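A look at the structure
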Amino acid sequence: MISKDEYWWFLRKHPEASYQQTPEWGDARRGQWEPELIGWFDQQSRVHAVAVLRYRRVPGTSRSFAFIPQGPLLDWNDPHVAEQLAALGHYLRSRGVFGVRITPVVSLRKWDAATVKAGLADPVVSRISDMTPTEINPIGTRLVSTLRAAGWREAPEDEQSDASHPRFNFWLHLQGRSEEAVLAGMTKAWRKSIRRADRLGVKLVPGSGQDLDDVYRLYTETARRNAFAAQSYSYFEAMWDTLGNGFPGRFNMHIAQHEGSAVAVLATAQVGGRAEGVLSAMSMERPDLKPSNAAYWSIIQQAIGDKADLLDLGGVDDTVDDQDPAAGLVRFKADMGADAYEYIGAWDLPLQPWLYAAFTRVLPLYAALGTQLRQDKHPDHSLAAR
């Protein structure tokens, strides 16, 4: 275990850390998982890698499942990665853990915005993964081989984990770019939508804890419209309490208003050079106002002002099929000028195979039951968030 101060000392030097690998977000998720901060040390007792572990204990036993979302924060190009992962497994065994899941932010392949847009226009192509990638990441390819050789296996697919840690994501690169350069990378239609929102009176204001009712209302509508998994109102209270008040990184929530009413909301958290989407929602009462375009442009401007190297716009389905409704989000992000990345996905290390097998069969049912219980408790509010 390490202290928060030691942990943040490392985070401030790490270029790609996620807010999900911060002590604050670990505290925010205490309702379902018990967090622990750990570090890897070199021979001079200096921290060279960290992780926020989340434990979920099996009721009635002393055994736990461990989860490291968007981590651990290792140098995946280090030739000693296998030894570092082995040390993690040894430590977790000593803690009574029967299995661990990791979701490193490491890509396998990249498709630039132009390639994605070409795929969307090609009636023969139906999936992002069917297209020839712009780049292949050798670090990701090598890491997959390392994990398999060490006994890790790709995690079972389920809707809950895919929604929280999607395989395909879009990144808008900002390093060294001005607002004018980012605008120039957008399609004419995207730039026109920004101007239209401004002309029709859409205003962007910074959000606060006083706006959570509006945030919850907008996310409720978005969740029902897109069949997202639900979170309770307390999730957003915890989000604001941990990220909105005294967060050592940056947290920004922008609300698009029209005639005094909130019509869209976007929030990002930034650790190091990576600004990452935390939540997004929009009302469909006035889609002609283009509030989502206005909100994203405001967040992009904020990220440029905060010296972010990139803006992680979050996940999409593996589709470029124009007949698939999910392709609309792919088009929206590609037209913004963002590039698509395929991550290596979620990987599990079974430390006690029989208990791991039983638990991973039950976990999706457990998550679904938790969602239903939250909906039953708050029947007028159901939404999803990361």
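Refer to the preceding data block for the structure.
Please read these numbers as outputs of a predicted model, since none were measured by experiment.

Remarks on the pairing of strand E14 (residues 339-343)
Taken across its 5 residues, E14 has 5 buried, putting it largely inside the fold. Along E14, one buried face is formed by Asp339, Tyr341 and Tyr343 and the opposite face, lined by Ala340 and Glu342, is buried too. Where strand E5 (residues 107-111) meets E14, 4 bridges bridge the pair, whose relative direction is antiparallel. Each residue of the ladder has a partner; that of Trp111, found in E14, is Ala340.

Describing the packing of helix H4 (residues 113-121) against helix H12 (residues 327-335)
Two quantities define a packed helix pair, namely the angle between the helix axes and the distance between the axes. The geometry of H4 relative to H12 is characterised by a closest axis approach of 9 Å and an angle of 145° between their N-to-C directions. The interaxial crossing formed by H4 with H12 has left-handed handedness. Listed contacts from H12 to Ala113, Val116, Lys117 and Leu120 of H4 are Ala327, Val330, Arg331, Ala334 and Asp335. Residue composition of the contact of H4 with H12, grouped by class: 6 nonpolar, no polar and 3 charged.

Remarks on the layout of surface pockets
Taken as a whole, the second largest pocket spans an internal volume of roughly 390 Å³. Taken together, 18 residues make up the lining of the second largest pocket; nearest its centre are Glu16, Trp76, Val105, Val106 and Ile139. Among the residues forming the lining of the second largest pocket, the class breakdown is 10 nonpolar, 6 polar and 2 charged.

Some details on the sheet that holds strand E9 (residues 203-206)
As summarised here, the arrangement of the 9 strands in space is E6-E5-E14-E8-E13-E12-E11-E10-E9, forming an open sheet in which the pairing is mixed. Among the strands making up the open sheet, the edge pair consists of strand E6 (135-136) and E9. Note: E5 against E6, 2 bridges, orientation antiparallel. Pairing of Arg109 across the sheet is with Ile136, part of E6. Against the sheet, helix H11 (residues 291-305) touches strand E8 (168-173), E9, strand E10 (250-258), strand E11 (261-271), strand E12 (274-282) and strand E13 (310-316), its axis set at about 30° to E11.

Details of the pairing of strand E2 (residues 47-57)
Within E2, 9 of the 11 residues are buried, which leaves the element mostly enclosed by the surrounding structure. Where strand E1 (residues 34-41) meets E2, 8 bridges bridge the pair, whose relative direction is antiparallel. Bridging from a neighbouring strand, Phe41 pairs with Val47 of E2. Counting the residues in the hairpin turn of E1 and E2 gives 5 residues, including Ser45, whose phi is positive at 65°. Hairpin connection, E2 to strand E3 (residues 64-68): the antiparallel pair is bridged by 6 residues, and Gly60 has positive phi, about 80°.

Remarks on the pattern of salt bridges
Applying the stated rule across the entire model yields 20 salt bridges. Across the pair Glu135 and Lys110 runs a salt bridge, and its minimum N-O distance is 3.6 Å. With Glu135 in strand E6 and Lys110 in strand E5, the pair connects residues that are 25 residues apart, well separated along the chain. Overall, Glu135 belongs to the partly exposed group, its relative accessible area being 44%.

Remarks on empty space enclosed by the protein
Applying the stated criterion across every chain yields a total of 2 cavities of 30 Å³ or more. Volume-wise, the largest cavity comes out at about 70 Å³. Among the residues forming the lining of the largest cavity, the class breakdown is 4 nonpolar, 4 polar and 1 charged. By volume, the second largest cavity is sized at about 40 Å³. Together, Asn252, Thr268, Gln270, Ala275, Ile299, Gln302, Ala303 and Asp306 line the second largest cavity. Counting residues per element, the ones that place at least two in the lining of the second largest cavity are E11 and H11. Residue contributions to the lining of the second largest cavity peak at 3 residues, all from H11.

A few points about the environment of Arg177
Along the chain, the position of Arg177 falls in the loop between E8 and helix H7 (179-184). Assessed through its relative accessible area of 27%, Arg177 is described here as partly exposed. Put simply, Arg177 and Gly207 are 30 residues apart on the chain and 26 Å apart in space, counted from C-alpha to C-alpha. Filtering out sequence-adjacent residues up to four positions away, Arg177 remains in contact with Leu172, Val182, Gly185 and Ile304. Of the polar contacts made by the side chain of Arg177, one reaches the backbone oxygen of Ala181; its length is 3.3 Å.

Calculation notes
Residues numbered from 1 in each chain as written. Predicted model: local features only at pLDDT ≥ 70, side-chain atom pairs only at ≥ 80, totals over all residues. Heavy atoms only, no water. Buried < 20%, exposed > 50% of the residue type's maximum accessible area, 1.4 Å probe, protein only. Helix = DSSP H or I, 4+ residues; strand = E, 2+ residues; numbered from the N terminus. Pairing = 2+ DSSP bridges. Axes fitted to C-alpha atoms, helices over the stretch in contact; angles between N-to-C directions. Left-handed = near helix turned anticlockwise from the far one by under 90°. Contact = heavy atoms within 4.5 Å. Nonpolar A, V, L, I, M, F, W, Y, C, P; charged D, E, K, R; others polar. 1 Å grid on protein atoms, 1.4 Å probe; cavity = no way out; pocket = protein on both sides within 12 Å on 5 of 7 lines; lining within 4 Å. Points joined across faces, edges and corners; volume = space filled by probe spheres on them. Salt bridge = Lys/Arg side-chain N within 4 Å of Asp/Glu carboxyl O. Polar contact = N/O pair within 3.5 Å; in protein donor to acceptor, adjacent residues only side chain to side chain.

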